Amino acid sequence: MSARKQTDMAGELERLPRHIAVIMDGNGRWAKKRGLPRTAGHSAGADSFRRAARYCQKLGIEYLTVYAFSTENWKRPADEVAGIMALLEKYLRQALRDLEKERVRICIFGALSPFAPELQKLCRECMERSAVYTGAQVNICLNYGGRDEIVRAAKRWAADGCPELTEHTFSGYMWGGDIPDPDLLIRPGGEKRISNFLLWECAYSELYFSDVLWPDFDEAEFDKAIAAYQHRERRFGDVGKSE
Ligand code: FPP
């Protein structure tokens, strides 16, 4: 049964997460199991990302944030990094062609300066041209690190002349600005850690770990993750409803 159907039946439409974040892990192992190069795993991972973005949009999830390349991923072999860059370029070119059809706002979280000028240009063009769409938003984290984001936010705040600071105003200096924090963080691939992803934003997110490798994480897996989320009681530090 789809997550949308489950939610309708439970009469809990408001319990659908507004924002889902995903650590797209397990591409390398997916490729290894098939005797393929790691880049083939990332290519399957990119397909899985496209499928996820469409499915989340269909379900009415407002924000999907994916970890595509971390500040630490530059340490990987040069051919693997080049392979991921080529996939990103391919995705962004296709996204520009499909803007009108997909009608999704695309944002990049992370400093673009280390990327090739052509890739930077594509990122900026995608962000600028898709900004007109007011429905779903996809955030692609590139050269992203959670600690790096917090340090940059502090620097931006200082450069702004240190205005009065609250948790809410500080959030505005993060890459996502004022978008809601992720309700649900999904990590496929079997590891159970956050890996420097959205450290500030995930303070109260529900965490969902799965052994399924990211390229195999299909609509049915999203349904399972959303159903698990719908059975959690979010207390935000308060006592539970039953107390
Ligand atoms: C982690 O799996 C995955 C990455 C570091 C790269 C993710 C990149 C993509 C899915 C492709 C480009 C993305 C877009 C948005 C088009 P891993 O390689 O660490 O897997 P492993 O743990 O099995 O080795």
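For the structure, see preceding data.
Since we're looking at a predicted model, the values are computed, not measured.

Peer 1: What is the right way to look at unusual backbone geometry in this model?
Peer 2: It is generally the case that most residues other than glycine have a negative phi and that most peptide bonds are trans. One non-glycine residue, Asn-196, lies in the positive phi region at around 65 degrees. Inspection of the secondary structure assignment puts Asn-196 in the loop between β5 (184-187) and β6 (206-209). Given the relative accessible area of 19%, Asn-196 is considered buried. Even without being a glycine, Leu-198 presents a positive backbone phi close to 45 degrees.

Peer 1: I would appreciate a short explanation of helix α7 (residues 146-159) in the present structure.
Peer 2: Since the α-helix packs 3.6 residues into each turn, any two residues three or four apart lie on the same face. Between its first and last C-alpha, α7 extends 20 Å over 14 residues, near the 20 Å set by a 1.5 Å rise per residue. Where α7 is concerned, the buried positions are Gly-146, Glu-149 and Ala-153. Looking straight down α7, one finds that the buried residues subtend no more than 50 degrees of arc, so they occupy a single side. Within α7, the exposed residues directed more than 90 degrees away from the buried face are Arg-147, Lys-155 and Ala-159. Buried residues along α7 sit against β4 (137-144) and α8 (167-171). Where α7 terminates, the next one or two residues include Gly-161, which has phi positive at roughly 90 degrees.

Peer 1: Any chance you could explain the sheet that holds β5 here in plain terms?
Peer 2: Strand order in the open sheet made by the 6 strands is β3-β4-β2-β1-β5-β6, with parallel pairing throughout. Both edges of this open sheet fall to β3 (105-109) and β6, since each of them pairs with a single strand only. In this sheet, adjacent strand axes meet at a mean angle of 20 degrees when their direction is disregarded. In this sheet, β6 lies alongside β5 in parallel orientation, the contact comprising 4 bridges. The residue of β6 that forms the bridge with Arg-187 is Phe-209. Strand contacts of helix α6 (residues 117-130): β3 and β4, with the helix running at about 140 degrees to β3, the strand carrying the most contacts.

Peer 1: Explanation requested: the site of the ligand in the structure shown.
Peer 2: With respect to spatial proximity, 17 residues lie near the ligand, and among them Gly-28, Arg-29, Arg-38, His-42 and Arg-76 are the closest. The contact in question runs from an oxygen atom of the ligand to an N or O atom on the backbone of Asn-27, over 3.2 Å. Compared with its free state, where it exposes 630 Å², the ligand has 92% of that area covered by protein. When residues of the shell around the ligand are traced back to their parent elements, those giving at least two are α2 (27-33), α3 (38-59) and α4 (78-97). With 5 residues, α3 is the single largest residue contributor to the shell around the ligand. Residue composition of the shell around the ligand, by class: 7 nonpolar, 6 polar and 4 charged.

Peer 1: Would you take a moment to explain the packing of α3 against α4 for this structure?
Peer 2: When two helices pack together, their arrangement is given by the angle between their axes and by how far apart the axes lie. Where α3 contacts α4, the two axes come as close as 9 Å, and the packing angle between them is 25 degrees. As judged from the angle between their axes, α3 and α4 are roughly parallel. Both α3 and α4 take part in a crossing whose hand is right-handed. Contact residues: Arg-38, Thr-39, His-42, Ser-43, Ala-46, Phe-49 and Arg-50 in α3; Asp-79, Glu-80, Gly-83, Ile-84, Leu-87 and Tyr-91 in α4. Class assignment for the residues of the contact of α3 with α4 results in 5 nonpolar, 4 polar and 4 charged.

Peer 1: Looking at this model, I keep getting lost on the pattern of salt bridges. Mind explaining?
Peer 2: Where side chains of opposite charge bring their charged atoms close, a pairing between them can arise. Under the counting rule described, the total for this entry stands at 15 salt bridges. When the shortest N-O distance is used, the salt bridge between Arg-93 and Glu-118 registers 3.2 Å. On the criterion of sequence distance, the pair formed by Arg-93 in helix α4 and Glu-118 in helix α6 is long-range, its members being 25 residues apart. Using a relative accessible area of 35% as the deciding quantity, one classes Glu-118 as partly exposed. Each of Asp-25, Arg-29 and Arg-187 takes part in a single network of salt bridges with overlapping partners.

Peer 1: What is the right way to read the packing of aromatic side chains from this model?
Peer 2: Two measures describe an aromatic ring pair: the distance that separates the ring centres and the angle between the ring planes. Per the counting criterion, the structure on display carries 11 aromatic pairs. Relative to Tyr-91, the ring of Phe-49 has its centre 5.1 Å away and its plane inclined at 75 degrees; by these criteria the two rings are edge-to-face. On the criterion of sequence distance, the pair formed by Phe-49 in helix α3 and Tyr-91 in helix α4 is long-range, its members being 42 residues apart. Assessed through its relative accessible area of 14%, Tyr-91 is described here as buried. The interplanar angle of 75 degrees and the centroid separation of 6.4 Å between the aromatic rings of Trp-214 and Phe-222 together place this pair among those described as edge-to-face. We classify Phe-222 as buried; its relative accessible area is 1%. Chaining the aromatic ring pairs together yields one cluster made of Tyr-67, Tyr-144 and Phe-197. Positioned over the ring face of Tyr-229 is Arg-15, at 5.3 Å from the centre of the ring.

The rules we used
Residues numbered from 1 in each chain as written. Predicted model: local features only at pLDDT ≥ 70, side-chain atom pairs only at ≥ 80, totals over all residues. Heavy atoms only, no water. Helix = DSSP H or I, 4+ residues; strand = E, 2+ residues; numbered from the N terminus. Buried < 20%, exposed > 50% of the residue type's maximum accessible area, 1.4 Å probe, protein only. Expected span 1.5 Å × (residues − 1). Arc of directions from axis to C-beta. Contact = heavy atoms within 4.5 Å. Pairing = 2+ DSSP bridges. Axes fitted to C-alpha atoms, helices over the stretch in contact; angles between N-to-C directions. Near = heavy atom within 4 Å. Polar contact = N/O pair within 3.5 Å; in protein donor to acceptor, adjacent residues only side chain to side chain. Areas by Shrake-Rupley, 256 points an atom, 1.4 Å probe, with all protein chains shown as cover. Nonpolar A, V, L, I, M, F, W, Y, C, P; charged D, E, K, R; others polar. Parallel < 35°, antiparallel > 145°, perpendicular 65-115°, else oblique. Left-handed = near helix turned anticlockwise from the far one by under 90°. Salt bridge = Lys/Arg side-chain N within 4 Å of Asp/Glu carboxyl O. Phe/Tyr/Trp six-rings, centres within 6.5 Å; stacked < 30°, edge-to-face > 60°. Lys NZ or Arg CZ within 6 Å of the ring centre and 35° of its normal.

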